[in-house]
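One letter stands for each residue in the lines below.
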Amino acid sequence: MKKDKDNAKDKDLKKNLSEAEGQTMTTNQGLKVNDTNNSLKAGERGATLLEDFILREKITHFDHERIPERIVHARGSAAHGIFELYESQEKYTKAGIFTDTSRKTPVFARFSTVAGSKGSADLARDVRGFAVKFYTEEGVFDLVGNNMPIFFIQDAMKFPDLIHAVKPEPHREIPQAASAHDTFYDFISRTPETMHNHIWVMSDRAIPRSLRMMEGFGIHTFRLINKEGKSHFVKFHWKPLLGVKSVTWDEAVKLHGADSDFHRRDLWDAIDSGQFPEWELGLQIVPEEDEHKFEFDLLDPTKLIPEELVPVQRIGKMTLNRNPDNFFAETEQVAFHSGHIVPGIDFSNDPLLQGRLFSYTDTQLSRLGSPNFHEIPINRPINPVHNNQRDGHMRMTINKGNTAYFPNSMGGGCPHLAKMADGGFTSYEERIDANKVRARSESFNDHFSQPGIFYRSLEDWGKNHVADAYSFELGKCTQDHIKERMLWLIEKIDKDLAKKVADNLGLKIPSKIEKPVNQAIGADDDGTKNEPKERKDYLDKSEALSQTHIKTDSIATRKIAFLVSDGFNAEKATAMKEELEKKNAIVNLVAPHGGTVQASDDKKHKVDAAIMTTESVAFDAIYIPGGAKSVKALKKEAKAKKFINEALKHCKAIAVDTEAEELFDETYGKDFKDDEAVCINKKPADFIKAIAMHRNWKREDQAKMIPA
Ligand code: HDD
C-alpha cells in the first residue's frame, strides 16, 4: 500500500513542520547567530558575561526540555496510518468511521509497556498498551486499549493501588519495569479479581516478538448507537495480520542487554522499509436485551466474551504507514483519552471505564502542563474547533471577537449549537433508577472461571511457559506468606499448575488462608458479599485464546542471520537470500569482523553486523552457508557457536549447508539433526516453511537442556 497523499492529518501536521536544510541558524527571536560554540566573555579566558542572551536562551531552553513522563505507559513507540472500513455498520452505529466506506480515516497508534519508565527495556514481562487515535471528520475518537482483553481490577478506585504495587518499591526504586517483587504480589494476592489479567501476563502474550504481532482490545464493553437511537453493546478487537507471536523468556532477558529498544526499532524499521503493519478491527456485538444472558457481567472489565459465544466480526483495517517526524512532538506529546468519543459510540457503566473518563484529561494537565494540550499538533482534530473556552497557559489559538459566552447576541449567537441531525452529540439516554451506594455487584465475584478457560486453551508449551513465569516471578519474592497466598489462588484456577509452581518454589499449597480472601473490596458488613465464587467451567477451551488462532504463513520482516566468513559459498548464499527476500524477509550477513567479507566468487559482500556487536536473540532464524574457508574460520569463533546454540534453545529455524555441518556438529546442533525446523542441505522452500512456524516448540523440552 502506498502512503496516502490526501491524509488530512498529515496535511494538518505539515503546518508545524520545520526543516533546517539550507537555513541559517537563528535565536528563538529570529536573530541570525554567528557563533554557537563560545560564550561572551571578558577576555578570551573569561569570565562569562551575564549579558550573553544567546548563551542564556540556549541554556534556559535546554534546562526545561523534559516534561514528566506518563505515570503509566511511559515507554512507548508510535506511528501514523489510516483506517479503512470494509462494510457499513449502520445497523449498529451512526459513527461516520463505521458507516462510510469511502473514508480513509487518519490514525496515530502508540504502543507501550505499562510499568517501566520512559527509558526502560522493551522486552519487560508486561501488558502492552495499544492506543489508537482516530482523527475522524466528526472529531477525535480514541480507542485506548491493551494487548490483553481484560484488566487487573474492576473499579478505577483501585488503580493507584495497583500501580503503586507494581512500580519499583518506593524506598529504593527497585525493580525497574518488573512485576516480580513483593509489593506487587502482596497486592494481587489480596485482590483475587486480578487473577485473570495476571495469568495473561504470565503467558507469552506479555513478551511479544513484535508490536506488530500482537492483538489489541478495547477491553470495556462500550455502546454503539445507531441513527434510530438504538444501542448495542460492543467490544473492540484488533487482529494483527502477521499473527500473534512471542519470544521466550530467556530471549526477553537477553534482549534487555542486547537491544533494549528491540520493539521500537522493529516497528520503525518495518515501516521505514515499506512493510506496513496491519490490523483488522473486529466487533463483538451484544444486543441490549442479551445483557444478562452470560455467566459473567458485561460491565466487569476482568471478563472477556469468548469468541465461541459472540463471534468477532472484522469490519475494517488499520495500516500504519508513516513513522513520526519527531519523537517528542508526536509520540511523547500525544494525549489519549478513553472519553474522546464521537456520535454513534458511547460508554457503558463499567466502573473502571467510568473512572478512566476522569483520569486522562486530568493527567495531561501535569504532564503537558496546560488545559490547552488539545492544541498541540498531534492532538488537534482535523475538523475545526470552536467554543468559548479561552486563555490558559501557552494558548495558541487567536480567538477573534468580543464574546466568549453562550448564549450571546453580540457574536450573532456563535458558535451556535449543533442539532442532533447535524451531528450534535447527545449521550445515550440510559434509564438509571438506583440508590447511591459505595459497593460492588455480586455479579463481579467470579475470579477463577475465565483464568481457567484461558489456561486450558493454551498449547502444552504455552502452559509450561505460564508455570515457568509464575515460578520465576514468585521465586523473586522474599515473603513466603505472599507466595503461599498466591499458590492458594492459582490452585483455584488449575490444580496441576499450582502443583508445578509450588514444587518449583519448594513450598506447599496451603489448604486455607486467613479471611477475608478479598481485601480489595470495602469492609461491607460481614465481609462476605464479595468473597470470590468457586470456579465454574462453563466453557472448556476457547481457541481464540491460544496464540495460534490467527494463522499466517508469512515470513515478511523476519530477520535471518547468515553466519559467514571470508570464502563462504556465494552461489548457495545468494540463492537462499533471493528466495527469502522474495518473501520479504530481511537477510543480515553476520561475520567475525566488520567491513566486508570476500565470498567464493571473489566478490566483496558488506557485513551487516560483526558478531561481537550482535546476538542471536536479535534474529528469527540462522543460515550457515558452506565454503570450507568460511566454515573453518567460524569454527574458531566461540560466539558463532553460542549463536547457534542459543537459536536452537529458542526453538528457531536453522538451515545448514552440507559443508557447514562440521561447524554445526561442534554445537548442540548435532543432537537436533532430525528436528522439523533444522534444515540440513535442504531447499530454501523448506527453510521458509520452518521460519513460518515461528518456533518449533516440539523441540523445547530437549532444547531446554542446552546450557546457553
Ligand atoms: Fe490507562 C495511560 C490503557 C485503566 C489512567 N492507559 C494509558 C495508556 C494506555 C492505557 C494504552 C497509554 C496511552 C498512550 O500511549 O499515551 N488504562 C488502559 C487500559 C485500562 C486502563 C486498557 C483498563 C481497561 N488507566 C486506567 C485506569 C486509570 C488509568 C483505571 C485511572 C483511573 N492511563 C491512565 C492515566 C494515563 C494512562 C494516568 C497515563 C498517561 C496518560 O494517561 O495519558 O491517565
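Criteria and thresholds
- Residues numbered from 1 in each chain as written.
- Predicted model: local features only at pLDDT ≥ 70, side-chain atom pairs only at ≥ 80, totals over all residues.
- Heavy atoms only, no water.
- Near = heavy atom within 4 Å.
- Polar contact = N/O pair within 3.5 Å; in protein donor to acceptor, adjacent residues only side chain to side chain.
- Helix = DSSP H or I, 4+ residues; strand = E, 2+ residues; numbered from the N terminus.
- Nonpolar A, V, L, I, M, F, W, Y, C, P; charged D, E, K, R; others polar.
- pLDDT = per-residue confidence, 0-100.
- Buried < 20%, exposed > 50% of the residue type's maximum accessible area, 1.4 Å probe, protein only.
- Pairing = 2+ DSSP bridges.
- Expected span 1.5 Å × (residues − 1).
- Arc of directions from axis to C-beta.
- Contact = heavy atoms within 4.5 Å.
- Core = buried A, V, L, I, M, F, W, Y, C linked by side-chain atoms within 4.5 Å.
- Right-handed = clockwise from strand over helix to strand, strands pointing away.
- Phe/Tyr/Trp six-rings, centres within 6.5 Å; stacked < 30°, edge-to-face > 60°.
- Lys NZ or Arg CZ within 6 Å of the ring centre and 35° of its normal.
- Donors = N, O, S within 2.8 Å, 3.2 Å for Na, K, Ca; no water.
- Axes fitted to C-alpha atoms, helices over the stretch in contact; angles between N-to-C directions.
- Parallel < 35°, antiparallel > 145°, perpendicular 65-115°, else oblique.

In this section: the site of the ligand. Neighbouring residues of the ligand: 22 residues in total, closest Arg70, Arg110, Arg356, Tyr360 and Gln364. A distance of 2.7 Å separates an oxygen atom of the ligand from a polar side-chain atom of Arg70. Note that an oxygen atom of the ligand is positioned 2.6 Å from one of the side-chain N or O atoms of Arg110. Sort the elements by how many residues they give to the shell around the ligand and helix α9 (residues 351-367) lands first, with 6 residues. Considered class by class, the residues forming the shell around the ligand number 11 nonpolar, 8 polar and 3 charged.

This part takes up the confidence of the model for the chain. The share of residues in the chain with pLDDT of 70 or more is 98%, and the mean pLDDT across the chain is 96. Both confidence scores are given for the complex: pTM 0.97, ipTM 0.99.

It is worth spelling out unusual backbone geometry at this point. Following Gly46, the chain continues to Ala47 via a peptide bond in cis, the omega torsion being -10°. Relative to the assigned elements, Ala47 resides in the loop between α1 (8-14) and α2 (53-63). The step from Phe406 to Pro407 runs through a cis peptide bond, and the omega angle for that step is 5°. Tracing the backbone through its elements, the reader meets Pro407 in the loop between α9 and α10 (449-457). One non-glycine residue with positive phi stands out, namely Ala177, at about 50°. Here Ala177 is to be found in the loop between α3 (159-166) and α4 (182-188).

A few words now on the pairing of strand β3 (residues 128-136). Among the 9 residues in β3, 9 count as buried, and that is most of the element. With 7 bridges connecting them, strand β2 (residues 104-113) and β3 associate as antiparallel partners. Across the sheet, Val107 pairs through a bridge with Phe134, a residue of β3. Taking the residues that link successive antiparallel strands as the turn, the β3-strand β4 (residues 139-146) hairpin has 2 residues.

Taking 1.5 Å of rise per residue, 13 residues should cover 18 Å, and helix α14 (residues 570-582) covers 18 Å from first to last C-alpha, within 8% of that figure. Taken as a whole, α14 has its buried residues at Ala570, Ala573, Met576 and Leu580. What you see down the axis of α14 is that its buried residues fit within an arc of 135°, all on one side. Looking at α14, the residues exposed on the side facing more than 90 degrees away from the buried face are Glu571 and Lys582. Along its buried surface, α14 packs onto β11 (559-563), β12 (586-591), β16 (621-624), β17 (653-656) and α18 (684-692). Where α14 begins, the capping side chain belongs to Asn569, and its oxygen is found 3.1 Å from the backbone nitrogen of Glu571. Looking one or two residues past α14, Asn584 carries a phi angle of roughly 65°, positive in sign.

Our focus in this paragraph is the nonpolar core. Nonpolar side chains tend toward joint burial in soluble globular proteins. In this structure, Tyr185, Ile199, Tyr470 and Leu497 are the most contacted members of the largest nonpolar core, which totals 55 residues. Of all elements in the fold, only α3, α4, α5 (195-202), α10, α11 (460-475), α12 (480-493) and α13 (495-505) reach the threshold of two or more residues within this core. Take this core: its biggest share by element is 7 residues, from α12. In this structure, Tyr470 is in contact with His198, Ile199, Met202, Gly475, Met486, Ile490, Ile493, Leu497 and Val501, ignoring residues within four places of it in sequence. If you look at the next biggest cluster of nonpolar residues, it comprises 37 residues, including Ala109, Phe222, Trp279 and Met318.

Next up on the list: the pairing of β11. Most of β11 sits inside the fold, with 4 of its 5 residues counted as buried. The pairing of β11 with β12 spans 5 bridges and is parallel. Paired with Ile560 across the bridge in β12 is Val587. The parallel pair β11 and β12, bridged by α14, forms a crossover whose chirality is right-handed.

Attention now moves to the sheet that holds β11. Sheet strands pair via backbone hydrogen bonds, and the direction of the pair is either parallel or antiparallel. Pairing within the open sheet is parallel, and its 6 strands lie in the order β15-β12-β11-β16-β17-β18. Unpaired on one side and paired on the other, β15 (609-610) and β18 (678-680) mark the two borders of the sheet. Two strands pair when backbone bridges link them, and β16 and β17 are joined in this way by 4 bridges, in the parallel orientation. Within β17, the position partnered with Tyr623 by the bridge is Ala655.

Moving on, we come to the packing of aromatic side chains. Taken as a whole, this structure holds 26 aromatic pairs when the rule is applied. Ring geometry for Phe98 versus Phe141: centroids 6.4 Å apart, planes at 85°, classification edge-to-face. Of the two residues, Phe98 is situated in the loop between β1 (76-85) and β2 and Phe141 in strand β4; the sequence distance between them amounts to 43 residues. For the pair formed by Phe98 and Phe141, the shared burial category is buried. Ring geometry for Phe141 against Phe236: centres 6.2 Å apart, planes inclined by 55°, an arrangement best described as tilted. You can see Phe141 sitting in strand β4 and its partner Phe236 sitting in strand β7 (residues 231-240), a full 95 residues away along the chain. The structure contains a cluster of three or more aromatic residues connected by ring pairs, namely Phe83, Phe98, Phe111, Phe130, Phe134, Phe141, Phe222, Phe236, Trp238 and Trp279. Its guanidinium or amino end placed over the ring of Tyr455, Lys463 lies 5.8 Å from that ring's centre, counting from NZ or CZ. Directly above the aromatic system of Phe619 lies the positively charged group of Lys559, at a separation of 5.4 Å from the ring centroid.

Within α13 the residues assigned to the buried category are Leu497, Ala498, Val501, Ala502 and Leu505. All buried residues of α13 lie within an arc of 130° about the axis, which places them on one face of the element. Exposed residues on α13 whose side chains face more than 90 degrees from its buried face are Lys495, Asp496 and Asn504. At the N-terminal end of α13, a side-chain oxygen is found 3.1 Å from the backbone nitrogen of Asp496, two or three residues along, and the residue is Asp494. A positive phi of about 70° marks Gly506, the residue just after α13.

Here the focus is the coordination of the iron atom of the ligand. The protein gives the iron atom of the ligand a lone donor atom, Tyr360 (OH), placed 1.9 Å from the metal. Mapped onto the elements, Tyr360 comes out in helix α9.

Once that is clear, we can look at the packing of α5 against α12. Viewed as axis vectors pointing N to C, α5 and α12 meet at an angle of 90°, and their least axial separation amounts to 12 Å. Considering their axes alone, α5 and α12 lie roughly perpendicular with respect to each other. For the pair α5 and α12, contact is made by Met195, His198 and Ile199 and by Met486, Leu489 and Ile493, respectively. Per-class residue counts for the contact of α5 with α12 are 5 nonpolar, 1 polar and no charged.

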